[in-house]
Each structure stands twice: as structure tokens, then as C-alpha cells.
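# Coordinate analysis (summary)
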Amino acid sequence: MIYTLQDINPKEYEGSLIFLYGDECAERNLPLGRRELESVKRKEEKEKSFVVGFDRLPERLYFVRFDSERPAPEVQEGLRRQAVEVLKMMEKDDVKDVALCGEGTLPEEMAAFVEGLTLADYSFDRFCSKDRFHVDQLIINSVYFTQEELDAQQRLWNRVFWCREWVNLPVQDLNAAQFAEELQSVAESFENVKCTVMDKRKIESLRMGGLLAVNRGSVDEPRFVVLEYNGLKQSSNQAIKQSPICLVGKGIMYDTGGLNIKPEDYMQEMKSDMAGAATMASVVFAAADNALPVHVVALLPLTDNRPGFNAYAADDILTMYDGTTVEVVNTDAEGRLILADAIAYAVKNYNPRVIIDAATLTGAAVRAISTFGIAAMQQNAGRELEMLKIVGNEVYERLVEFPMWKEYDELIKSDFADLRNCGNTPQAGTITAGKFLAHFAKEVPYVHLDIAGVAYFTKAQHYFRAGASGYGVRLLYAYLQMQ
Ligand code: BES
Ligand code: ZN
Ligand code: ZN
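A brief report on the enclosed structure follows.

## Let's talk about the sheet that holds strand β17 (residues 419–420)
- One open sheet accounts for three strands, arranged β12-β13-β17; its pairing is mixed. The outermost strands of the open sheet, each flanked by one partner alone, are β12 (317–319) and β17.
- Pairing between β12 and strand β13 (residues 325–327): three bridges, direction antiparallel. The residue bridging I317 from the neighbouring strand is E327, located in β13.

## Quick notes on the site of ligand 1
- The full set close to ligand 1 counts 15 residues, and D255, K262, D273, D332 and G363 are the nearest of them.
- D273 places a polar side-chain atom, nitrogen or oxygen, 2.9 Å from a nitrogen atom of ligand 1.
- When ligand 1 is considered free in solution it has 520 Å² of accessible area, and contact with the protein chains removes 75% of it.
- Class assignment for the residues of the shell around ligand 1 results in four nonpolar, four polar and seven charged.

## What to know about the coordination of the zinc ion (ligand 3)
- Looking at the zinc ion (ligand 3), the protein donor atoms are K250 (NZ), D255 (OD), D273 (OD) and E334 (OE), and they sit 2.0 to 2.5 Å from it.
- Here the donor residues of the zinc ion (ligand 3) are spaced in sequence according to K-x4-D-x17-D-x60-E.
- Between the zinc ion (ligand 3) and the zinc ion (ligand 2) the interatomic distance comes to 3.3 Å, and D255 is a ligand of both metals. Here E334 lies in the loop between β13 and α9 (335–350) and D255 lies in strand β10 (residues 251–255), a separation of 79 residues in the sequence.
- D255 sits in the buried class, given a relative accessible area of 2%.
- Residue classification places E334 among the buried positions, given a relative accessible area of 0%.

## Details of the coordination of the zinc ion (ligand 2)
- The coordination sphere of the zinc ion (ligand 2) contains the protein donors D255 (OD), D332 (O), D332 (OD) and E334 (OE), at a distance range of 2.0 to 2.2 Å.
- One can describe the donor arrangement at the zinc ion (ligand 2) as irregular, given that its six donor atoms subtend angles of 72 to 169 degrees at the metal.
- Between the donor residues of the zinc ion (ligand 2), the gaps in sequence give the motif D-x76-D-x1-E.

## Quick word on the pattern of salt bridges
- A full pass over the atoms with the stated rule returns 30 salt bridges.
- For R56, the salt bridge is made with E36, and the minimal N-O distance between the two is 2.6 Å. Taken as a pair, R56 in strand β3 (residues 50–56) and E36 in helix α1 (residues 34–46) lie far apart in primary sequence, 20 residues in all.
- Linking D304 and R306 is a salt bridge whose minimum nitrogen-to-oxygen distance equals 2.7 Å.
- When its relative accessible area of 2% is taken as the criterion, D304 is described as buried.
- With relative accessibility at 30%, the residue R306 sits in the partly exposed group.
- Through salt bridges with shared partners, a single network forms among E77, R80, R81, E115, E397 and R474.

## Observations regarding the packing of helix α4 (residues 147–168) against helix α13 (residues 473–481)
- Their axes nearest at 10 Å, the elements α4 and α13 cross at an angle of 140 degrees. With respect to each other, α4 and α13 are oriented oblique. The chirality of how α4 crosses α13 is right-handed. Where α4 abuts α13, its residues L156, V160 and C163 lie against V473, R474 and Y477.

## Some thoughts on helix α5 (residues 176–188)
- Under the 1.5 Å per step criterion, the end-to-end length of α5 is 18 Å for 13 residues, consistent within 8% with the ideal 18 Å.
- Burial in α5 covers these residues: A176, F179, A180, L183, V186 and A187. Around the axis of α5, the buried residues are gathered within 125 degrees of arc, so they sit on the same side. Exposed residues on α5 whose side chains face more than 90 degrees from its buried face are E181 and E188.
- Structurally, α5 contributes buried residues whose contacts are with α4, β7 (193–198), β8 (223–230), β10, α8 (275–289) and β11 (295–305).

## Some thoughts on the environment of L247
- Mapped onto the fold, L247 is located in strand β9 (residues 245–249).
- By relative accessible area, which is 1% here, L247 ends up buried.
- Considered as a pair, L247 and T279 are 32 residues apart in the sequence and their alpha carbons are 9.5 Å apart.
- For L247, the contacting residues outside a window of four places in its chain are M280, V283, V284, V296, V297, A298, L299 and I356.

## Brief notes about the environment of V167
- The residue V167 is located in helix α4 in this model.
- Distance in space between the C-alpha atoms of V167 and M270 is 9.7 Å, their sequence separation being 103 residues.
- If we ignore the near neighbours within four places in the chain, the residues touching V167 are K271, S272, M274, A275, A278, Y456 and A468.

About the criteria used
- Residues numbered from 1 in each chain as written.
- Chains lettered and ligands numbered in written order.
- Predicted model: local features only at pLDDT ≥ 70, side-chain atom pairs only at ≥ 80, totals over all residues.
- Heavy atoms only, no water.
- Pairing = 2+ DSSP bridges.
- Helix = DSSP H or I, 4+ residues; strand = E, 2+ residues; numbered from the N terminus.
- Near = heavy atom within 4 Å.
- Polar contact = N/O pair within 3.5 Å; in protein donor to acceptor, adjacent residues only side chain to side chain.
- Areas by Shrake-Rupley, 256 points an atom, 1.4 Å probe, with all protein chains shown as cover.
- Nonpolar A, V, L, I, M, F, W, Y, C, P; charged D, E, K, R; others polar.
- Donors = N, O, S within 2.8 Å, 3.2 Å for Na, K, Ca; no water.
- Buried < 20%, exposed > 50% of the residue type's maximum accessible area, 1.4 Å probe, protein only.
- Tetrahedral: all angles 85-135°; square planar, octahedral: opposite > 155°, others 65-115°.
- Salt bridge = Lys/Arg side-chain N within 4 Å of Asp/Glu carboxyl O.
- Axes fitted to C-alpha atoms, helices over the stretch in contact; angles between N-to-C directions.
- Parallel < 35°, antiparallel > 145°, perpendicular 65-115°, else oblique.
- Left-handed = near helix turned anticlockwise from the far one by under 90°.
- Contact = heavy atoms within 4.5 Å.
- Expected span 1.5 Å × (residues − 1).
- Arc of directions from axis to C-beta.

Structure follows, in C-alpha cells:
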């Protein structure tokens, strides 16, 4: 989609038009004829928000009424979703070129609408032989944004799309080594993003027992990728001296479950089990794209989880990077094993201000809160999680906090090792996973984001089509903007 800023007088504009309007319909300034105005007024008596299309053959007018009186995040989310309705109408009408303006609409309301339209316009097309419908050009009335603001937003949306694209790619097209190579080549386009790719030998020499164990049943080698971006302080143009924010992402390129193989339809969609890694990489690149004044390091353990000949087995006892021993009880609880090594590596080597991880970690998170948000936990990071909740409400990638009470520690104690890799009861599966990881963060402020419910949608959900969502990229970008 091409975005163009332009002066538009809605009453005179000759192409197809989207018109946003928040208040009662005053007769002045609206690009409506008398009968159209009457029909809009009749609708207004019944509803505070609606989308209606009018013919201006050969053009179309999409009239979007929204309820401007609700709290700002809700108004903005409403507009994102109304944009999806407009996009569906445009597809039906085959309108690919459209101008956008409003009356009494705030810039952030207009921005939300553009965001909804943009996010909904993405689809995973690379294996489709037929062309799919996409908007060619969106002309936006220039009173709302500067070109720089629009460019910065667009760079962020593109990172969301890249995240979705990586997650949507099947494992046969994106294994650990290929993903690492891709990340390296993106990093090379930035002066201030350093990418370190560690191969199997290096991972062996570091003794990352979790990552190596999960990889044992695979024919593809693992990788451990570290992406470091250090922005410039705006006042002095010097690199940020602060210790970094470490972002750890689960990078299971495919999760078969391993020897505890997943039954029937539970395996489908497990190409998305690297969504945490894709999210964290995308956040670092988005921060670099827009030169945010932050110091961030993404740590991405990558492998698939397969039941090949030498696959790790339940009862194996692993020694992790930090020396903790772990009894494997279920090879399908593999995410926490690779994340534990990455978290411990961050603690030991980066002196992080905070560690935040994102992981498609537990089916229990989906059962608890469905597909409407992230299950979050924290240890020594109450303030950070509060900030994440606030920006989460703003960008509408929401978090709900689960408890980390000490009683849960009992559930992951092992008879033969320091920890077991899943709880000794099926209860509180999301929390025991978070507790397991928190052990490796030690005293470092730590936030755990279980994105199992939101990273990948079986069915379309407003501006997310079926498939990868990129959920979390806008959240963490907004969090970095607050630093
Ligand atoms: N990748 C899965 C979790 C998952 C399930 C993500 C559904 C997205 C949708 C994870 O590795 C897993 O298999 N977890 C097990 C843990 C159990 C064995 C303790 C689970 O949730 O069933
Ligand atoms: Zn698993
Ligand atoms: Zn998994």
C-alpha cells in the first residue's frame, strides 16, 4: 500500500473517499447529498457507530461514524475494526485507490483507522497462484500527520508484517539455520545492529543443555542468535550507556512434541512455535528502523522439536547453561528448556535492566483466556509489567497478570534433579511454566509473556487474518518508546 499525504476537500474530491465522523451529524462540511444525510441521520438514531457505503459511480463513498465518547483506547480499537469493515467493502467494490478524511476527528483516531486498514490488508500470499485483493493507494488528508510520523508508523507496520511472514512460513522453508541467516542479513542493513549467530559447536561449547537436548531428535542444527541494538541518546548523540533490556524469544521452528508426540490435530499450526523469536527480532529491528534511544538485546534460541533417532526422552536429566539440573518429564514442554538457557545467558553476560520473554509456551494459557490477550507474569518487575499493561491497553495488545505465589514452586520440584520441566499436576500449567523460567532469571527483574493464545489465529479475528498475527510487536515497541 502506498500512503500519500495530500490536501483534500471532501466536498470536491473526485475519487473514492472514506469519511470519518465522530459527533452528531451536522449538515455542514459533510460530503453527503440530502437523501444520504437523511439516511445517515436515521441510522444515528439507532447506533453510535456504523459504516455505510454510498455509490458515487464510478466511485464510492464510505461513511464511518464512530463513538467518540468512550475512553480513547476503545475509540481507537473501534476505528481499527471499522477499517476492516471498510476494507471488506472496498474488496467487494474493487476499490483499490481511496482518499481518507474526516471532520472533528483527532490525529490519533485517524492513525488508528489507518492502522486497522493497514494491518488488515496483509495476507500471506507467497504460495498463492492467484493475485489477492490489496489496497494500492491510500491518500490521507495532510492535516492529520506529518510525512515523518507516517513514515515511522509505516516502518513499524512493516516489521509486524515481517514477523507474520516468518511465523507463517512452514518449517520446510524456514528452519533454524535459515532463520538465523535471514536475521543476519536483515541486521546487516543497519549500522548499529550487531548480529551474532552461534552454531551447534559453539552452543555445545557453551553447554546449553536445554537447547542441545531439544535439538537431538532433529536433523537440522540449532542456532542461538543474539541481536543487539544500541540507539543514540538524543541530547548528546552518544550511544546509550544504560544496561540493556533483554528480549528473549522462543524459537521452536516446529513443535511435534518430540517423543511425547502431539496427537492428531494438536500438531497443526506448530510452525508458529517460533513466534516469540520472530516477535523479539522484529521489535529490535523496529527500534533500529526508527532510531529509538534505547539499548536492547534479543536472545533467540532456535531449533525444531522432533522425535528423531537420538531424540531426548522423558527421564533424561539435563544440565542447563547455568548448571541447574532438570528432569525431563515431558518432551513437549520443550520451550522452557531452550528459553531457560537463553535467560541464563542474558543474566550472565548482559547485566540486563530487565528480561522480557515472549513464548508460545502453554496450551493452558489459551484455555485460561482464549485468544484475546497475553498471559503475563513477573518476578521483581512489578513496575515493568504495570508499564506493559498500560501500553498494552493503548495499542490493544493486552496483558493479564497471573500470580507467581511461592506455593507453585513445590509443583516443579523434582525427586532426582533441581527442577522438573512440567508441573506434577495438570493444574496451573501456565504458571508452572512461568515459575520454571523465573528460576533462571535469578534476581534480575523478569517479565514472562505467554503468547500461545494470540500469536497465531485459526480463524480471522478483525484485523488479523487467519494465520500469524504479529501480536506483541506493537506492544513492545510502544514499551521501548516509553523508556
Ligand atoms: N508449543 C506448545 C504450546 C502451545 C499449544 C502453543 C497450543 C500454541 C498453541 C508447547 O511446547 C507445549 O506443547 N506445551 C505443553 C506443555 C505440557 C506438556 C506441560 C502444553 O501446553 O500442553
Ligand atoms: Zn511442546
Ligand atoms: Zn512448543
